[in-house]
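# Residue-level structure breakdown
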Amino acid sequence: MITTIDGALFARMILHGSACINAQKQEINELNVFPVPDGDTGTNMSMTFGAAAEEMGKKPYSAVGAAANATANALLRGARGNSGVILSLLFRGFAKAVKEKETIDGRDFAIALDFGVAAAYKAVMKPAEGTILTVSRLSAAAAAAAAREDSGVEYVLEKALAEGYVALENTTEQNPVLKKAGVVDSGGKGFLVILQGMLDEMRGKPMPEGASLPEPKKTGADFAALGDEDITFTYDTVFIVRKARENVNLEPYRAYLNSIGDSLVIGESDEEFKVHVHTDTPGAALTESAKYGILELAKIENMRTQAEDLAAGKHVQSTDDLDAVEAELEGKPLPPENIIAAPEKRYGMVAVAAGEGLAAVFKDLGVDGVISGGQTMNPSTEDILRQINATPAEVVFVLPNNKNIIMAAEQCKGLAEGKEVVVIPSKTVPQGIATLLVMDPDADVETNVAAMTEAMSGVSTAEVTYAARDSDFGGFAIKHGDHMALLNGQLFDTQKNQEKLLKKLCKEDTFQNAEFINIYYGEDVKESEAEKTLKLFTAACPKAEITLLSGGQPVYYYMISAE
């Protein structure tokens, strides 16, 4: 049996665990008990752990502490959904326990698991039994008991898994919702799949069939493989600009360059910035740079003629003086999370929403950045952090607009540099919109939080979707493909016919007593169908002011708010 783990083995264990969770993600998705098509626990855990696998593939590790710390950092930034955040916390605590160690044995491993459980429980305000928390806690307790018998790490992990599987089976009885559906907890299942993959790597077992390690990312383009049709923009443009002043904000310039080209990288120091961009109008890029400083050096090359020369076996000439600059730009791009927009105002806003229509609504209401995401498409902590950092404000309010994104947003508080992050726990898009209507740029943070929270609580939201699978839930016998209405997160009714369902919904007291009703129709709803729904609600709710908007959201045919 394996008695100790070094950094190299730990890295391989992470890669194997990632391959296993990726192979079983759909099975885990299908354990979601509520038949709304939000079966994304497996996907979220797979994408979260995939970030750690990608990190492990970047360089070799000799010390287990260094490998565990890199894993934890990658998981934190890649965390998606509640399950992904909890998974990242479990490994964050693990890394803290082993941070100074070159190798670890079974006792160390057991202590590290316990540290991880403590970190996860601390972050969850109201931990419930029958979840990933329960499974991880009992697994860690079994590991501690096993370590007292045998300090070999393989033995300890084996015993932890054995108890974890028992705990997983018991989640069905511990959680009434799981019991009703007759399934085990999906997050707990995902956690054990990862641990099992780690143990399998320790024992030399092959990865799941079809699984593979992450491919190393290219650091430069393979121009010889490009044909003219593969080149979108003609000119490879590189230049250096000395800043006109300190703390110059380059975000407007970045947006401009993105509008006229691609492959954009901007490297920045205190005195200058360096730009690499592919564009058809290099002159425009250089002219615009004058707003931010003085042009010092430039290189412009025609990639189409380069491709022709390469294909013909000719030598491609370049400007030798700037080769080193280009290598620096393309070889060491500035990580997106480190691109910090200098504060230009007191408050900024970031929101999560899916659909062009909803994104436009948030933009119109003054949101600085909209992150694409929502149900079944949870953005990672890094996705949210990137937008926070790019917001030129001292205080950035974040609107998750989905209960499964709130935890990932909360993790940004400890990661954003030079900015105060305030998460308003909006669970629906209409709640998020309501908070923006009362946000006062002249009020202090506490006053705004109170007003926004109160506004959010006054919004009821109905969501019309379809059932992803057969189920019996809350007294409803639900069949795959049925139309469903959720009201404030609870199942309202199901019908085979969507119009019949909408007729029942608009007669509910929530809408009958509303002063304002907003109907956002999704990407699968034709405008003519949405107009019929508007007429239906107008007739049923004559006292309300009703607005119809194209949200363009996936998953939900309609999001309907009442205030």
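Rules of the game
Residues numbered from 1 in each chain as written. Predicted model: local features only at pLDDT ≥ 70, side-chain atom pairs only at ≥ 80, totals over all residues. Heavy atoms only, no water. Pairing = 2+ DSSP bridges. Helix = DSSP H or I, 4+ residues; strand = E, 2+ residues; numbered from the N terminus. Axes fitted to C-alpha atoms, helices over the stretch in contact; angles between N-to-C directions. Contact = heavy atoms within 4.5 Å. Parallel < 35°, antiparallel > 145°, perpendicular 65-115°, else oblique. Left-handed = near helix turned anticlockwise from the far one by under 90°. Nonpolar A, V, L, I, M, F, W, Y, C, P; charged D, E, K, R; others polar. Core = buried A, V, L, I, M, F, W, Y, C linked by side-chain atoms within 4.5 Å. Buried < 20%, exposed > 50% of the residue type's maximum accessible area, 1.4 Å probe, protein only.

To summarise the sheet geometry, strands pair through backbone hydrogen bonds and adopt either a parallel or an antiparallel arrangement. Strand order in the open sheet made by the four strands is E8-E7-E9-E10, with parallel pairing throughout. Only two strands of the sheet have a single neighbouring strand rather than two, namely strand E8 (369-372) and strand E10 (420-423). Within the sheet, the average angular offset between the axes of one strand and its neighbour, ignoring direction, is 20 degrees. Pairing geometry for strand E7 (residues 345-353) and strand E9 (residues 393-399), over six bridges, is parallel. Its bridge partner being in E9, alanine 351 is matched across the sheet by leucine 399. Sitting on the sheet, helix H15 (residues 356-364) is in contact with E7, E8 and E9, with an inclination near 160 degrees to E8. Packed onto the sheet, helix H16 (residues 381-389) meets E7, E8, E9 and E10 and runs at close to 165 degrees relative to E8.

Before going further, it helps to examine the packing of helix H4 (residues 64-78) against helix H5 (residues 81-98). Running from N to C, H4 and H5 point in directions that differ by 155 degrees, and their axes come no closer than 8 Å. One way to sum up the angle between H4 and H5 is to call them roughly antiparallel. Crossing geometry of H4 relative to H5 is assigned as left-handed. Every residue of H5 that contacts H4 at Gly65, Ala68, Asn69, Thr71, Ala72, Asn73, Leu75 and Leu76 is listed here: Leu87, Ser88, Phe91, Arg92, Phe94, Ala95 and Val98. Here the residues of the contact of H4 with H5 are counted per class, giving nine nonpolar, five polar and one charged.

We now examine the packing of helix H11 (residues 251-260) against helix H12 (residues 282-289). It is the contact of H11 with H12, at a shortest axis distance of 10 Å, that shows an interaxial angle of 170 degrees. Taken as axis vectors, H11 and H12 run roughly antiparallel relative to one another. On H12, the residues that touch Tyr253, Tyr256, Leu257 and Ile260 of H11 are Ala284, Ala285, Glu288 and Ser289. Of the residues contributing to the contact of H11 with H12, the split by class is six nonpolar, one polar and one charged.

With that out of the way, let us pick up the nonpolar core. A general tendency of soluble globular proteins is for nonpolar side chains to be buried together. Within the largest apolar cluster, 86 residues are counted, with the highest numbers of intra-cluster contacts made by Ile5, Phe10, Phe91, Phe94 and Ile384. If one sorts the elements of this core by residue count, H5 sits on top with nine residues. Core analysis: the next-biggest nonpolar cluster, separate from the first, contains 28 residues, Phe511, Leu534, Cys541 and Ile560 among them.

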